[in-house]
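Secondary and tertiary structure notes
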Amino acid sequence: MGVVMSPLPPRADGRPGRLSAGMGWRPAYDLAATAGAPTEVQRIPVADAVGRVLAADLVALVALPGFDTSAMDGFAVAGAGPWRLVGRVLAGGAPHADVLGAGTAVEIATGAMVPAGTRAVLPVEVCRCEAGVVTGSEPGRSNIRLAGEDVLPGQVLAEAGAVAGAALAGLAAQAGLDELAVWRPPLVRIVVTGDELVFDGLPDVGKIRDALGPLVCAVVTRAGAVVADVIRVRDDAAALADALLGGQADVVVVTGSSSVGRADHLHPVLDRLGARMMVDGVACRPGHPQLLARNGDGRWVVGLPGNPYAGLVGCLTLLEPLLGGLAGRTRRNPLMLPLSGDPQPAAGWTRLVPVLIDGGHATVVAASRPASLVAAATADAVAVVEPEWHAGQPVWLLPLQ
C-alpha cells in the first residue's frame, strides 16, 4: 500500500514523535474514491435537480419533436408554385384541418404543426405573399423537423451516475418528466481547530485568519455534497470529541489537528471513539499528515493538515473522492498531460504541485509552499508527480476550477 516508515521512539507523553509516511498517494486516492456509496434515493422536481446525481437512467416519456413541426417562420407549401394561401398555423394553435393540396400554402410559425401533405417550408425572407398568392423558390431543405427525430419514447437520455446540468434539466422537462430520481447528497460537518485562528476582521499579533474553513466549504460544494454546518473548536480533546459526535452529518472534516503535535488531538480522540483508521498519513508532499477513518457511529472522518495548501492537497486526495462516491458520481480518471518545470520530485514521496495548463501541456507554478495558497489560487490544476517522474513525462492533473 505504499511507503511505510517506522515512527520515532515515543515522546514523554507516550505519543509518537512523528507520523509514519503512511500509504502511497494513488492507493489512498483510490481507497477514498471507492470507500463509500450513496444510500438514499430522492425524487425531486426537475428544476431542483441541477448538480445532483441521477440514481436511475433518465428515460424519455414522449417523442421529440412530438409531431412534425416547422423549423422556420414562413409558408408550408405542397406541389409546385406559385401557391394559393389557404390558412394559417401558429405555434400552440389548432392544426390545419385538411391535407395540404398541390399548389396551396399555409402561413406557419416556427414550432407550429406542419399540415399533412406539406413538401417544404419556405422561409419568410425568401418568398413573397401578395393578394393571397405565395411566390418564391423552394429551399434546399425541407425546414421540417420530423416527429421523434431527436428523441423517441423510452430512449435513455442520461445514465444513472450522470450529474444533472441545466441542459439536461431542460431536456428532461421537454421529454415529459416532472421529477428526477437522484441520490441524496452527503451532509458534511466542518470542524475548524486552532487557537491561533480568527474568522473575520484583521488578526491581532500572533493570530491568523482561517483559510481552510472557506476552502473546504468550496470543495464540499464542488464535490456535490452539502455543508451541514461549520463549527470552531479550540485545541481541546474533549471539545473535539463532542464535535465529532454532534450534529447531523455523513462526513466530518477536521482541519488542523491531524498531525502529532501537542495541540493535535484527532488521533487519540478517534482511538477513544473506536474509529477504524483507513488512511493514516499519505506519502506525499505537502499534505502527508492527512487521514481517513470510519467513526464508531458510522460517520466518515477526514483529517486535514493545518497548512492551507497542504490542507487543499488533503481535500483533493481524500475528501473530494470520498464525497464523489457518497454522492453517487461516476468515477473518472483525471486528465493526463506532459509536465514541464521543476516539481522537485523526492524519492519515496509523491509531490503535488500547482500547474497552469496551456493547450496540451502543464507547467509548474513556481514558489508553491505548504502554508501558502498564492500559487494554487492562480493555477488551473494540481499535478500528481510520482517519485520516478522524469522531465516531460505525463502526470495526473486534479482540476482546481
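Worth saying up front: this structure is predicted, and the values here are computed from it rather than measured.

Quick look at the overall build of the protein chain now. Along the protein chain, the regular secondary structure elements total seven helices and 26 strands. Taking 401 residues into account, the globule formula puts the C-alpha radius of gyration at 21 Å, and the protein chain, at 30 Å, lies well above it. Structurally, the protein chain occupies a C-alpha span of about 105 × 45 × 45 Å along its principal axes. For the protein chain, buried positions account for 45% of its 401 residues. Expressed as a percentage of contacts within the protein chain between residues at least 6 apart in sequence, the contacts between residues at least 24 apart total 69%. Accessible surface, the protein chain: about 18,500 Å² in total, of which carbon and sulfur atoms supply 55%.

Turning to the environment of Ala-116, a few remarks are in order. Here Ala-116 lies in the loop between strand 6 (104-108) and strand 7 (120-123). Residues Ala-116 and Val-99, 17 residues apart in the sequence, show an inter-C-alpha distance of 4.9 Å. Residues within four places of Ala-116 in sequence aside, it is in contact with Asp-98, Val-99 and Leu-100.

Looking along the chain, the bond that leaves Leu-64 and enters Pro-65 is cis, with omega of -10°. Positionally, Pro-65 belongs in the loop between strand 2 (58-59) and strand 3 (69-70). The amide bond that connects Arg-285 to the next residue, Pro-286, takes the cis arrangement and shows omega of -10°. Relative to the helices and strands, Pro-286 is located in the loop between strand 19 (284-285) and strand 20 (291-294). One non-glycine residue, Ala-131, lies in positive phi territory at about 55°. Examined against the element boundaries, Ala-131 turns out to sit in the loop between strand 8 (127-130) and strand 9 (133-136).

As a further point, take the nonpolar core. Soluble globular proteins tend to pack their nonpolar side chains together in the buried interior. With 47 residues, the main nonpolar core has Trp-25, Val-216, Val-251, Leu-292, Leu-319 and Leu-352 as its most contacted residues. Among residues more than four places away in sequence, those in contact with Val-216 are Ile-190, Val-253, Thr-255, Leu-304, Cys-315 and Leu-319. Within the second largest apolar cluster, 18 residues are counted, among which are Val-46, Leu-54, Leu-58 and Ala-172.

Attention now moves to the environment of Leu-291. You can see Leu-291 is positioned in strand 20. We classify Leu-291 as buried; its relative accessible area is 0%. Along the primary structure Leu-291 and Val-198 are separated by 93 residues, whereas in three dimensions their C-alpha atoms are 25 Å apart. Here Leu-291 is in contact with Ser-258, Leu-266, His-267, Leu-270, Met-277, Val-279, Asp-280, Val-301, Val-302, Gly-303 and Leu-318, once residues within four sequence places are set aside.

Reading the values: rules and limits
Residues numbered from 1 in each chain as written. Predicted model: local features only at pLDDT ≥ 70, side-chain atom pairs only at ≥ 80, totals over all residues. Heavy atoms only, no water. Helix = DSSP H or I, 4+ residues; strand = E, 2+ residues; numbered from the N terminus. Rg over C-alpha atoms; globule rule 2.2 N^0.38 Å. Buried < 20%, exposed > 50% of the residue type's maximum accessible area, 1.4 Å probe, protein only. Contact = heavy atoms within 4.5 Å. Areas by Shrake-Rupley, 256 points an atom, 1.4 Å probe, with all protein chains shown as cover. Core = buried A, V, L, I, M, F, W, Y, C linked by side-chain atoms within 4.5 Å.

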